[in-house]
Structure formats: C-alpha cells, structure tokens
Amino acid sequence: MSHPPKTIMVIIGFAAVATTLPIFAGYTVSFATLLWLLFTGSWRLAIVGKNQLSMPNSWDSRFIRSLSHSIKPFHWGCFCLVLGHLLAALLGVHLSPWSKPVAKALSEWVHTVVKYGLLWLVVSSGCIACARRGCLPQRVGPWMCLWMLALLIYCTVQHWSGIDWTHGLQATLGSHRFAYGVYRVSGFMGHPLTFAYNLMLIALASLAIGWGASDLSTSERRWWFGTAFLAVLILLISGSRYVILVLLGTLLICEGRRILRHKVKVAALVAVAALLLLWEGSVLARFYELFQNDQTFAQRFPRVVFWQLHWKMFLDNPITGVTRSGVEGALKAYYNAAGYHDTIYEAHNLFLQYLADTGIIGFLGLLGWLIGLFMTWLRLRPELSQGVSYLAVATVFCALMQNNLRDSAYVYALWFFLSILLVQSAIITANQQESATNERESPKNFDAGARSANSSTHL
C-alpha cells in the first residue's frame, strides 16, 4: 500500500508542536505514528539490520549503515534503563519493606517500559521511516516557528493576565503562580517548570538543526533559528531561573570557541536579553530571593531538605531503594519523621531520586542509559554531534535540580529532538559519502548522478 509522504510529514509536524503541550498530546501523536507505521508497512523501513544492507553502494544503504552505527548504543542504553527498573521492582518485593506486592510493582514497571522503551522506538522509527520515504523530518521548521510565535503571544498575555485556556476560556492561573506583579507562565502545559525545560530543549535542538543543516536550504534553516529565538524569548519571561542558567551553561560548554569567534554578536544578544529581564523584573526578583537574609538557608533553598531525606532513604534501602511502588508511603513516613507534615516533595535531583526509589540496581540502569547516550555522541562525526551534545549536557545539568527524566513531557521532547538530530546526521553522512563516490567514479561513469530514489538530495 502506497501512502503519500505528506501524511507522515503532517504527523511529524504535530509531533513537534506536541513538545509544548501536555503529555497526552505527545502520546496521541505517537499513537498516530504507530498506526501509520503498522498500516502502511513503514515499520520495515525503521528496522536497522543486515537485511537492509543488500545494496552496499546505494544511498539508502549508506543512510542505514550510518544511522545504525550511531543509534544502537542508545537503544542499548534505553534497554539498560528498563531492565534496571525491572530488577529493582522484582528484588524490592523481597528486600524493601516499602514495596507493594508483585502485581503492583510490575504495573509501575509497565509505565517505565512505555516511557523509555515503546515511546522511544515509535518516535525514532517515525523519523527514520519518514527519511527513507523521501522526506526530511527536519523540514517541519516552518510548522514549529509559526507555532512558537503564536505561543509567545499567548504566553505574554498569560504572563500579565493569568489566562489559562488549558482549563477553559474563562479559567485563570491560581494565586500560587502570582508573584512580583506577574504570573509564572506554563503555556498550555500544567507545570511551569516542565514548560521551561521543554523550551530549553526546543531552543538547543533548533540551534543545532539550523547550524548543522547542510541538507536544508537557507530559508529552511532560518525557520529553525527563528524557532530557537522565540523559545528563548518565552523562556526569559517564564520565571524559571535555573533553566536559563542551564541554557547558558550548555552553550558555553559546547560552543565556547564559536561564541568567542562571534563575541560581538553574542554580546549584543546578551545585552538585549539583559534589558528584557530588567524590564520584565520578575525573573531577576526570583534570583534575588536566594540572597534574602530574613530567611533561613533551608527556606531559601528547600531542595537541601529534599536531598537529605532522599539520601537517607537510599542509605536505609541501598540495594533496591524503597521501590517505585512503595515510594509514596516512604515519602510520607520520612518527611513526617523529620517534622515536615505539609511539605512533601520528590528529590528534585534525578540521581538521588534513582538511588532512593530503585537503589544501586536502578541507578546502574540510569548509568547504562547515560553511557549509551555518550557512546551515541562519540560515534557521530564531530561536525554533526553538536546537537546531541547540547541535549546530553543540558539533560545532565537539569537532572541536578529536577527529576527531568521522570517527567513524561520532557522525555517525549527529548526523544523527538534526539531522533531528528540522529536522522539528520545519517542523511548528511550518506549524502557526503555518495558525493565522494560519484566524484571517484565520474571519469568512468558519466551517469554518476543516478541515485537511489530515497536520496534526500532529490527532496
């Protein structure tokens, strides 16, 4: 059955928009992608294996070989993460006093399989099949840029008026989101921090796609630069201080040399951003909160208490932690024992959260995932690896202050942009290899321009 490539491009476009929406949108688009893969037979195009390499000199074969080389370590990393959760859940039934029975423990594990296993496979397979069908998934830049412009307008109004159309046209944000004369924006998401972290991913991935997109036209690259610019503007009025620091730190670490080469332009952009923050006021006021002397350090920085209690949870249950099925009861008990009856929060540190919830076993699974991500980055050519390095560095930095990989909306956005970057890298590599082959063969074969029907150079 032959379906027009525009079908999957529409799905990819909605998938990009869904990175700024509640996770229900991400799961819905992913389900549509799964149906497209199954009913069109395109799932076969997403299989990376030896049976796909029967024509070693074709563009399609070069694309698959390049993609397979880079993506396999990350597949194994996701497998380690899922396996770590499973072992911690099963052993925790016997070793942790907080664990629920096996059925409840496994039901919690199923969520892990969906989030870190099935969702990744569906999102990445959709992008791979899209490319092999003759479409570039990174060509959804116009969709994303126009959507971000609309989102900027909505968030600006929300910032000053508190509108919350997610819960109805007459709904407004709660008083807990109002401080310094403005509201903390969350767009169409329910939580302002999740929204801010996803904006950070959008800005970083958009910059990487624009900078590394030798397979896109100048106008197409500008759409992605526009998307990055708009994402940063929304982030500056979001009221999320740490995310702004992570964005700046990631760019300094990954692009220090490039920033120095364009220091005048960068300085101008920083000056504009500083003036915007001074005019807006609330973000800088939230930074000043950290230095108020009329509050104790724990009041100014409550995460210290969260970290201490989760570290104690790990020390008391080092092998499997309190388990994911037993974490709710354990949290109440540990916080109440420390005298905190109204303030019960998760660790706000991914690594401590893994140690407390899943112990050494689950933490090793997380470590395997990080190694898989690092190996994927190493296997990419230096000029094509910058996007993956952005996402990796930012994710690790965010994990120090937030349970970002436990947030389904963040995970979905990470999967989507990582898939696009890996597919883009494989396309560029295949095109470069084909060009080099044609140059070598051109004296002998004047028809060297003949290419695979799937070659992205014909798009």
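Residues numbered from 1 in each chain as written. Predicted model: local features only at pLDDT ≥ 70, side-chain atom pairs only at ≥ 80, totals over all residues. Heavy atoms only, no water.

Peer 1: Can you explain the overall build of the chain? Please cite residues and give values.
Peer 2: Scanning the chain from N- to C-terminus turns up 16 helices and two strands. When each of the 459 residues of the chain is scored for burial, the buried share is 53%. When contacts within the chain are restricted to residue pairs at least 6 apart in sequence, long-range pairs at least 24 apart make up 76% of them. Within the structure as shown, the chain displays about 21,200 Å² of accessible surface, and the carbon and sulfur contribution to it stands at 68%. (Helix = DSSP H or I, 4+ residues; strand = E, 2+ residues; numbered from the N terminus. Buried < 20%, exposed > 50% of the residue type's maximum accessible area, 1.4 Å probe, protein only. Contact = heavy atoms within 4.5 Å. Areas by Shrake-Rupley, 256 points an atom, 1.4 Å probe, with all protein chains shown as cover.)

Peer 1: Please set out helix 15 (residues 386–399) residue by residue, giving values where relevant.
Peer 2: A rise of 1.5 Å per residue sets the reference length of helix 15, with its 14 residues, at 20 Å; its end C-alpha atoms lie 20 Å apart and thus fit the reference within 8%. Where burial is concerned, most of helix 15 is hidden: eleven out of the 14 residues are buried. Those residues of helix 15 not exposed but buried are Gln-386, Gly-387, Val-388, Ser-389, Tyr-390, Leu-391, Ala-392, Ala-394, Thr-395, Cys-398 and Ala-399. (Expected span 1.5 Å × (residues − 1).)

Peer 1: If you had to explain unusual backbone geometry to someone new, which residues and values would you point to?
Peer 2: Although it is not a glycine, Thr-323 adopts a positive phi angle of roughly 75°. In this fold, Thr-323 is placed in the loop between helix 12 (303–316) and helix 13 (327–337). A residue is classified by how much of its surface remains accessible, and Thr-323, at 3% relative accessible area, is buried. Phi at His-348 takes a positive value of approximately 55°, unusual for a residue other than glycine. Locating His-348 in the fold gives a position in the loop between helix 13 and helix 14 (350–379). Overall, His-348 belongs to the buried group, its relative accessible area being 16%.

Peer 1: Describe in detail the side chain of Thr-358, supporting the description with residues and values.
Peer 2: Mapped onto the elements, Thr-358 comes out in helix 14. Classification of Thr-358 by relative accessible area gives buried; the value is 2%. From its side chain, Thr-358 meets the backbone oxygen of Tyr-354 in a polar contact 2.7 Å long. Those residues in contact with Thr-358, other than ones at most four positions away along the chain, are His-85, Ala-88, Ile-319, Thr-320, Gly-321, Arg-324, Gln-353, Phe-363 and Arg-406. (Polar contact = N/O pair within 3.5 Å; in protein donor to acceptor, adjacent residues only side chain to side chain.)

Peer 1: Got a sec to walk through the state of the cysteines? Specific residues and values, please.
Peer 2: Counted under the stated rule, the structure contains zero disulfides. Unpaired in terms of disulfides, Cys-135 finds its nearest cysteine sulfur in Cys-130, a separation of 4.9 Å. (Disulfide = S-S within 2.5 Å.)

Peer 1: Describe the packing of aromatic side chains, with residues and values.
Peer 2: Counted according to the given criterion, the structure contains 19 aromatic pairs. With a centroid separation of 4.7 Å and 75° between ring planes, the pair formed by Phe-74 and Trp-120 is classed as edge-to-face. Placement of Phe-74 in helix 3 (residues 59–95) and of Trp-120 in helix 4 (residues 102–132) is noted, with a sequence separation of 46 residues between them. Residue classification places Trp-120 among the buried positions, given a relative accessible area of 1%. By the ring-pair criterion, three or more aromatic residues cluster together here, those being Phe-74, Trp-120, Trp-369 and Trp-415. Above the plane of the ring of Tyr-354 lies Arg-406, whose end atom (NZ or CZ) is 4.3 Å from the centre. (Phe/Tyr/Trp six-rings, centres within 6.5 Å; stacked < 30°, edge-to-face > 60°. Lys NZ or Arg CZ within 6 Å of the ring centre and 35° of its normal.)

Peer 1: An account of the nonpolar core is needed here, citing residue identities and associated values.
Peer 2: Residues Phe-63, Met-148, Met-200, Trp-369, Leu-405 and Trp-415 are the most contacted members of the largest nonpolar core, which totals 106 residues. Looking at which element gives the most residues to this core, the answer is helix 16 (residues 408–441), with 17 residues. Leaving out residues up to four positions away in the same chain, Met-200 has contacts with Val-243, Val-246, Leu-247, Ala-394, Cys-398 and Tyr-410. Grouped together as the second largest cluster of nonpolar side chains are eleven residues, Phe-306, Met-313, Ala-330 and Ala-356 included. (Core = buried A, V, L, I, M, F, W, Y, C linked by side-chain atoms within 4.5 Å.)

Peer 1: So what about the packing of helix 7 (residues 218–236) against helix 8 (residues 241–261)? Which residues, and what values?
Peer 2: Between helix 7 and helix 8, whose axes approach to 10 Å, the crossing angle comes to 145°. Contacts between helix 7 and helix 8 involve Val-232, Leu-235 and Leu-236 on the former and, on the latter, Val-243, Ile-244 and Leu-247. For the contact of helix 7 with helix 8, the class distribution of residues is six nonpolar, no polar and no charged. (Axes fitted to C-alpha atoms, helices over the stretch in contact; angles between N-to-C directions. Nonpolar A, V, L, I, M, F, W, Y, C, P; charged D, E, K, R; others polar.)

Peer 1: Which residues make up the environment of Leu-400, and what values do they have?
Peer 2: Topologically, Leu-400 is positioned in the loop between helix 15 and helix 16. On the basis of relative accessibility, which here comes to 37%, the residue Leu-400 falls in the partly exposed class. Those residues in contact with Leu-400 that lie beyond four places of it in its chain are Tyr-242, Trp-307, His-348, Asn-349 and Phe-351.

Peer 1: Lay out helix 3 with the relevant residues and their values.
Peer 2: A rise of 1.5 Å per residue sets the reference length of helix 3, with its 37 residues, at 54 Å; its end C-alpha atoms lie 53 Å apart and thus fit the reference within 8%. At Ile-71, helix 3 shows its strongest bend, of approximately 35°, with the proline Pro-73 following within four residues. (Bend = angle between axes of the 7 residues up to and from the residue.)

Peer 1: Tell me about the packing of helix 6 (residues 192–212) against helix 8, residues and numbers included.
Peer 2: Helix 8 packs onto helix 6 with a crossing angle of 20° between their chain directions and a minimal axis gap of 9 Å. Classified by the angle their axes make, helix 6 and helix 8 are roughly parallel. Judged by the twist between their axes, the crossing of helix 6 over helix 8 is right-handed. Together, Leu-193, Ala-196, Tyr-197, Met-200, Ala-203, Leu-204, Leu-207 and Trp-211 of helix 6 and Tyr-242, Val-243, Val-246, Leu-247, Thr-250, Leu-251, Glu-255 and Arg-258 of helix 8 make up the contact between the two elements. (Parallel < 35°, antiparallel > 145°, perpendicular 65-115°, else oblique. Left-handed = near helix turned anticlockwise from the far one by under 90°.)

Peer 1: So what's going on with the environment of Val-29? Residues and values would help.
Peer 2: Topologically, Val-29 is positioned in helix 2 (residues 23–39). Classification of Val-29 as buried rests on a relative accessible area of 13%. Taking the C-alpha atoms as reference points, Val-29 and Val-123, 94 residues apart in sequence, are found 9.2 Å from one another. Setting aside residues up to four positions removed in sequence, Val-29 forms contacts with Ile-11, Phe-14, Ala-15, Ala-18 and Tyr-412.

Peer 1: Pulling in residues and values, what's your account of the side chain of Ser-30?
Peer 2: Within the secondary structure, Ser-30 is located in helix 2. For Ser-30, a relative accessible area of 6% gives the class buried. Residues within four places of Ser-30 in sequence aside, it is in contact with Leu-119, Val-122, Val-123 and Tyr-412.

Peer 1: Tell me what's going on with empty space enclosed by the protein, and back it up with residues and numbers.
Peer 2: Taken as a whole, this structure holds four cavities of 30 Å³ or more when the rule is applied. One number sums up the size of the largest cavity: a volume of about 80 Å³. Along its surface, the largest cavity is lined by Ala-208, Gly-212, Leu-380, Glu-383, Leu-384, Gln-386, Gly-387, Val-388, Leu-421, Gln-424 and Ser-425. Of the residues belonging to the lining of the largest cavity, the class tally is five nonpolar, five polar and one charged. Forming the boundary of the second largest cavity are Ile-12, Ala-15, Val-29, Ser-30, Thr-33, Val-122, Val-123, Cys-127, Tyr-412 and Phe-416. Among the elements of the structure, helix 1 (6–17), helix 2, helix 4 and helix 16 are those that each provide at least two residues to the lining of the second largest cavity. Of the residues that constitute the lining of the second largest cavity, the class distribution is eight nonpolar, two polar and no charged. (1 Å grid on protein atoms, 1.4 Å probe; cavity = no way out; pocket = protein on both sides within 12 Å on 5 of 7 lines; lining within 4 Å. Points joined across faces, edges and corners; volume = space filled by probe spheres on them.)

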